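Here's the letter readout for the chains.
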Amino acid sequence: YLRCITGSITIPTRAKENRRLVRPDCGHFYGKLLRLFSGCSGRNPEWGANTMTPELTFLALTAVLVLLHVGTQGLLQKHERGNAWTIGPRDIPATTPAPLTGRAQRALGNLLETLPAFIAATLVLHLADTASPMTRGASVIYLTTRALYLPAYLSALPWVRTILWNTATAPLTAVIIGIWWTP
């Protein structure tokens, strides 16, 4: 097993003493990856052991946003089709959804299309310790515009919805760029 001891990794061997692999650069990507999978914090010591980065906080809030999308779509579907269909086995294919339910389904699908890129970029930013004010701002804009996207889509506001989608995609690109380039 691996165990974190004062910023280094200790690997127990068959001998009574442990071999100690000291990572001179605490921000080294592979060292953080090892600490992450060995149950250590893997965070920059300046932030403190129990502090999440802002980007990870926005990622967690995006998970709440996904639940909001799923709940909205589910409630609209239940309202449209009734309890018998929602609690049943759904062997009979559903009819074409009502416009509002269809919009909620498409808004959820749209969120799930970009979410994997945001998750991957945020985790790599955290592990590589390359977060910057640019990536923090981009994460805020991504989360905010994705939160506004659902009511805009449900309201059938075509230009507002399109502007919000583009406004969410640009910061997602900035977060991905922030992995390699820090201003």
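Since this is a predicted model, take the numbers as computed values, not measurements.

## A word on the packing of helix H5 (residues 133-154) against helix H6 (residues 158-177)
Item 1. Where H5 contacts H6, the axes come no closer than 8 Å and their chain directions differ by 155°. The angle between the axes of H5 and H6 places the two elements in the roughly antiparallel class. In the crossing of H5 with H6, the sense of the turn from one axis to the other is left-handed. Only Val160, Arg161, Leu164, Trp165, Thr167, Ala168, Pro171, Leu172, Ala174 and Val175 of H6 make contact with H5, whose side of the interface consists of Met134, Thr135, Ala138, Ser139, Ile141, Tyr142, Thr145, Arg146, Leu148, Tyr149, Ala152 and Tyr153.

## Comments concerning the environment of Ala117
Item 1. The residue Ala117 is located in helix H4 (residues 99-128) in this model.
Item 2. Overall, Ala117 belongs to the partly exposed group, its relative accessible area being 30%.

## Here's the deal with unusual backbone geometry
Item 1. Unusually for a residue other than glycine, Asp129 sits at a positive phi of about 55°.
Item 2. Locating Asp129 in the fold gives a position in the loop between H4 and H5.
Item 3. Taking relative accessible area as the criterion, Asp129 reaches 26% and is therefore assigned partly exposed.
Item 4. Backbone geometry at Ala156 places phi at a positive 60°, although glycine is not the residue there.
Item 5. Structurally, Ala156 is set in the loop between H5 and H6.
Item 6. Owing to a relative accessible area of 43%, Ala156 belongs among the partly exposed residues under this scheme.

## Let's talk about the nonpolar core
Looking at soluble globular proteins, one finds that nonpolar side chains tend to be buried together.
Item 1. With twelve residues, the main nonpolar core is built from Leu56, Phe58, Leu59, Leu65, Val66, Leu111, Leu115, Phe118, Tyr142, Leu143, Ala168 and Leu172.
Item 2. Of all elements in the fold, only helix H2 (54-81), H4, H5 and H6 reach the threshold of two or more residues within this core.
Item 3. The element contributing the most residues to this core is H2, with five residues.
Item 4. Apart from the residues within four sequence positions on either side, Ala168 is in contact with Tyr142, Thr145 and Arg146.
Item 5. Grouped together as the second largest cluster of nonpolar side chains are nine residues, Leu76, Ala152, Leu154 and Leu164 included.

## Describing the packing of aromatic side chains
Item 1. Taken as a whole and assessed by the stated rule, the structure comprises two aromatic pairs.
Item 2. Between Tyr149 and Tyr153, the ring centres sit 5.6 Å apart and the planes meet at 80°, which makes this aromatic pair edge-to-face. Here Tyr153 and Tyr149 lie together in helix H5, a separation of four residues that amounts to about one turn. Assigned by exposure class, Tyr149 and Tyr153 land together as buried.
Item 3. Against the face of Tyr149 rests Arg146, its NZ or CZ located 4.6 Å from the ring centre.

## Focus: the packing of H4 against H5
Item 1. Two elements in contact, H4 and H5, have axes whose closest approach is 9 Å; the angle formed by their N-to-C orientations is 170°. As judged from the angle between their axes, H4 and H5 are roughly antiparallel. In contact with Leu100, Arg103, Ala104, Arg106, Ala107, Asn110, Leu111, Thr114, Leu115, Phe118 and Leu125 of H4, H5 contributes Thr135, Ser139, Tyr142, Arg146, Tyr149, Leu150, Tyr153 and Leu154.
Item 2. Across the contact of H4 with H5, the residue classes tally to twelve nonpolar, four polar and three charged.

## Concerning a nonpolar patch on the surface
Item 1. Taken together, Ile176, Ile177, Trp180 and Trp181 make up a surface patch of nonpolar side chains, about 490 Å² in accessible area.
Item 2. Note that Ile176 resides in helix H6.
Item 3. The exposure class of Ile176 is partly exposed, given its relative accessible area of 32%.

What counts and what doesn't
- Residues numbered from 1 in each chain as written.
- Predicted model: local features only at pLDDT ≥ 70, side-chain atom pairs only at ≥ 80, totals over all residues.
- Heavy atoms only, no water.
- Axes fitted to C-alpha atoms, helices over the stretch in contact; angles between N-to-C directions.
- Helix = DSSP H or I, 4+ residues; strand = E, 2+ residues; numbered from the N terminus.
- Parallel < 35°, antiparallel > 145°, perpendicular 65-115°, else oblique.
- Left-handed = near helix turned anticlockwise from the far one by under 90°.
- Contact = heavy atoms within 4.5 Å.
- Buried < 20%, exposed > 50% of the residue type's maximum accessible area, 1.4 Å probe, protein only.
- Core = buried A, V, L, I, M, F, W, Y, C linked by side-chain atoms within 4.5 Å.
- Phe/Tyr/Trp six-rings, centres within 6.5 Å; stacked < 30°, edge-to-face > 60°.
- Lys NZ or Arg CZ within 6 Å of the ring centre and 35° of its normal.
- Nonpolar A, V, L, I, M, F, W, Y, C, P; charged D, E, K, R; others polar.
- Patch = residues over 30% accessible without salt bridge, like charges linked within 9 Å, V, L, I, M, F, W, Y side chains within 5 Å.
- Areas by Shrake-Rupley, 256 points an atom, 1.4 Å probe, with all protein chains shown as cover.
- Salt bridge = Lys/Arg side-chain N within 4 Å of Asp/Glu carboxyl O.

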